[in-house]
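Examining the three-dimensional arrangement
Residue strings, one per chain:
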Amino acid sequence: MVGGRDPADHGGTGDPRDTGAPHGTGAPHGTGDCHDTVHPRDTADPRGTGTPRGTGDRRDTADPRDRGTADCHGAVDYRAAFAAAPLALAVVDREGLVVGANDALADLLGVDAADLTGRIAADLVDLASDARTWHAYREVLRGRQARLRCARRLKHPDGHSLWTQITVSPLPGGSERCGAGTVLLAAADISARRDLQARLRHLQMHDPVTRLPNRALFFERLASALEAGAYDDTSTGRVGLCYLDLDGFKAVNDTLGHRVGDRLLAAVADRLTALADEAGYGRASVPLVARLGGDEFALLVEDSTGTDQLTELAETALRALQEPFDLSGQRLSVSASIGVVERRAAGTTTTGLMQAADTTLYWAKTDGKARWTLFDPERNAHRMTRQALASSLRPAVERGEFVLDYQPLVGLEGGGVSGVEALVRWQHPQFGLLTPNRFIGLAEEDGSIVQLGRWVLRTACRQARRWQLDHPGREPLFVSVNVAVRQVWDSDLVADVADILAETGLAPELLQLELTESAVMGSAGRPLQALQALSDMGVRIAIDDFGTGYSNLAYLSRLPVSVLKLDGSFVRGFQYEQGAYEEATGHINPADEVIVEALVQLAHRLGLTVTAECVETSGQAERLRKIGCDTGQGWLYSRPVAADRISVLLGSCEA
């Protein structure tokens, strides 16, 4: 038997080279000679006694030459195990050439096992296709790296592709045939696992209702597009996005049910996909259509050519969705609002692009729906400023950033100053001095108008009382303060006014509260009760901007109002004489004067006084006086000024 024991050799001579096997009859070529596998324990006693070590041990009673022969059998067994292993294996020398390969590798690659010997291993399993893997592979061959593991897609000779996991690791020691630096290459077919992973990823990255890419896949593609567009010289370096939301989709779900709603979403997805395919025809890429959630969709355009391409895509989408949908006999019509953003990829972040798209979609909704709106940097800057102001309103009151200016109210008959209107200004640390139209609406939205209004009321009353004390020789000025309707609803305005009047010592008849016509007309319940209580207290109530709102004259007679303030739009018609107005405007003199005269007469019949706003010329003032208007306010007399300027004005009048 090959590698067996020679029965004629009973020696134990102590010569380690004498293994009992005839020369040339050891293990097959390539496994190493048998003496390479002999363990030092199997040699003779170094003391020269001729007795193997461990003589008294049952395990060592066999002839040492039998132990060496068994090791040769082990080498043969390892060789057989390598050849019969179900895992595809190859032994590769330090030069990268295949020394030996088993049948499993041959079957995997679709070649004959004998043809693999001497082939370049890296070519067989595609290790040289990318620089990083190739470098790691060379490092393993040189003994500088412990292991390489990678996945490779290989082409089988019969035409199909397969995914394999390649592992390259050093073999300990080596052999006379292979030498040091030999490595073992193992290849496992992972095609089934990759297919399963691909199916699971598709389920994870796609919407089950529309079968479109979902939010996760959309953001993955968007991030990739921004990165590629920023560094790829072969592309336009731009990216575009149409962010679409269906108008009134909630009503479909609420009235027809979610099942119909899902069918509608799927039908919308089909139309968007079709128009995206058509839009991408002849271009480098087709727009990606994704469902981001609910009734929101996105069309991502990589390598966009400018805003014209995106607006054309948005317009096409609107037309496509305007056609009625036939869903199992139910005919539905929907519209959509679309926010359009297009910009350079360099310097653009995923968050920034989506914020711009979301803002633009909101603009499309607020502008009337069923339209697309293009991102406007100036409009967005205004929105950002508005947001910054809204977030700092409440702290600004506490920090004392607000100031009051006062504009005189002048009697048209005698020309004397009878009162002032308090106008709040915000001395913003970043944006400078802001007029009320920049922040009052924000204050009403977030409720800070209550806190701000209380401060304005207290400051104005305190200042009016100071003027009264500083100028005892003249008729005291009344102060007019604007009040928002939310102050009436969200606070106890009557109690606030009473407390402030008591605190400052100002008489109630020297305080006038102005509310806009739209806030006063139609007031009922608590607002009307508050106005009545204030009037009973002696506080004057004025309707500001009269003539621009409801103008419910029948209701006016039932309100506790003492003053009407005519909106400046009526007064501007008094700026020209008739011939001059026709020459300046090109049409007949409007009926503003007739309307104002009728309003003045009506107010006087109801026991009300009338103040005209925006009086800018002496001619306007004279004509307003002739038709019976009581008080004028405008730049003819003074712009809004600080309190000390009013003090100077009062002092000059006394002199």
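Residues numbered from 1 in each chain as written. Predicted model: local features only at pLDDT ≥ 70, side-chain atom pairs only at ≥ 80, totals over all residues. Heavy atoms only, no water.

1. Examining the overall build of the protein
Inclusion rule: A run of H or I in DSSP counts as a helix once it spans at least four residues, and a run of E counts as a strand once it spans at least two, with each numbered from the N terminus. For every residue, the accessible area (1.4 Å probe, protein chains only) is compared with the maximum for its type, and the residue is labelled buried under 20%, exposed over 50%, or partly exposed between those bounds.
What the protein contains, in helices and strands, is 23 helices and 21 strands. By the burial criterion, 43% of the 655 residues in the protein qualify as buried.

2. Quick look at the pairing of strand β7 (residues 288–293)
As a reminder, the rule being used: Here, any two strands with at least 2 DSSP bridges between them count as paired.
A large share of β7 lies buried, amounting to five of its six residues. In the sheet, β7 pairs with strand β8 (residues 296–302) via five bridges, with the strands oriented antiparallel. Looking at β8, one finds that Arg 291 is bridged to Phe 297. The hairpin turn running from β7 into β8, its antiparallel successor, is two residues long, and Gly 294 in that turn takes a positive phi close to 60 degrees.

3. Some points on the sheet that holds strand β1 (residues 88–92)
As a reminder of what qualifies: Interaxial angles span 0 to 180 degrees and are taken between N-to-C directions of axes, which are lines fitted to C-alpha atoms, for helices over the stretch in contact.
What the five strands build is an open sheet, ordered β2-β1-β5-β4-β3; its pairing is antiparallel. Either end of the sheet is taken by a strand with one partner, and the two such strands are β2 (98–101) and β3 (148–155). If you compare each strand with its neighbour and ignore which way they point, the axes differ by 25 degrees on average. The sheet contact formed by β3 and strand β4 (residues 161–170) spans eight bridges and is antiparallel. The partner of Arg 152 across the bridge, within β4, is Thr 164.

4. Quick notes on the confidence of the model for the protein
Inclusion rule: Confidence scores here are pLDDT values: one per residue, from the predictor, ranging 0 to 100. Any two residues having at least one pair of non-hydrogen atoms within 4.5 Å are treated as being in contact.
Of the residues in the protein, 81% reach a pLDDT of 70 or more, and the chain-wide mean stands at 83. Low pLDDT, under 50, characterises residues 1–62; the predicted model gives this stretch 64 contacts beyond four residues in sequence or across chains. Every residue in residues 579–589 scores below 50 in pLDDT, and together they form 13 contacts with partners more than four places removed in sequence or on other chains.

5. Observations regarding helix α8 (residues 258–279)
Spelled out, the test is: How far a helix is expected to stretch is found by multiplying one less than its residue total by 1.5 Å.
Under the 1.5 Å per step criterion, the end-to-end length of α8 is 31 Å for 22 residues, consistent within 8% with the ideal 32 Å. Listed in full, the buried residues belonging to α8 are Val 260, Gly 261, Leu 264, Leu 265, Ala 267, Val 268, Ala 269, Leu 272, Leu 275 and Ala 276.

6. Considerations on the sheet that holds strand β6 (residues 238–247)
Read from one edge to the other, the open sheet built from five strands follows the order β7-β8-β6-β11-β12, with strand pairing classed as mixed. Edge positions in the open sheet fall to β7 and β12 (372–374), since each of these has one partner strand only. Averaged over all adjacent pairs, the angle separating strand axes in this sheet is 20 degrees, with direction ignored. Here 10 bridges tie β6 to strand β11 (residues 335–344), and the two strands are oriented antiparallel to one another. Note on β11: the bridge partner recorded for Asp 245 is Ser 337. Contacts from helix α9 (residues 307–322) reach β6, β8, β11 and β12 within the one sheet, and its direction differs from that of β11 by about 165 degrees.

7. Some remarks on the packing of aromatic side chains
Going by this rule: Paired rings are identified among Phe, Tyr and Trp, the last through its six-membered ring, by centres lying within 6.5 Å, and are further divided according to the angle between planes into stacked (under 30 degrees), edge-to-face (over 60) and tilted (the rest).
Overall, the coordinates contain seven aromatic pairs when judged by the stated rule. Each ring, one from Phe 218 and one from Phe 219, has its centre 5.3 Å from the other, and the planes form 75 degrees; the classification is edge-to-face. Residue Phe 218 is classed as buried on the basis of its relative accessible area, which comes to 0%. With a centroid separation of 5.7 Å and 90 degrees between ring planes, the pair formed by Trp 426 and Phe 439 is classed as edge-to-face. With Trp 426 in strand β14 (residues 417–428) and Phe 439 in the loop between β15 (432–434) and α12 (440–446), this residue pair connects regions lying 13 residues apart in the sequence.

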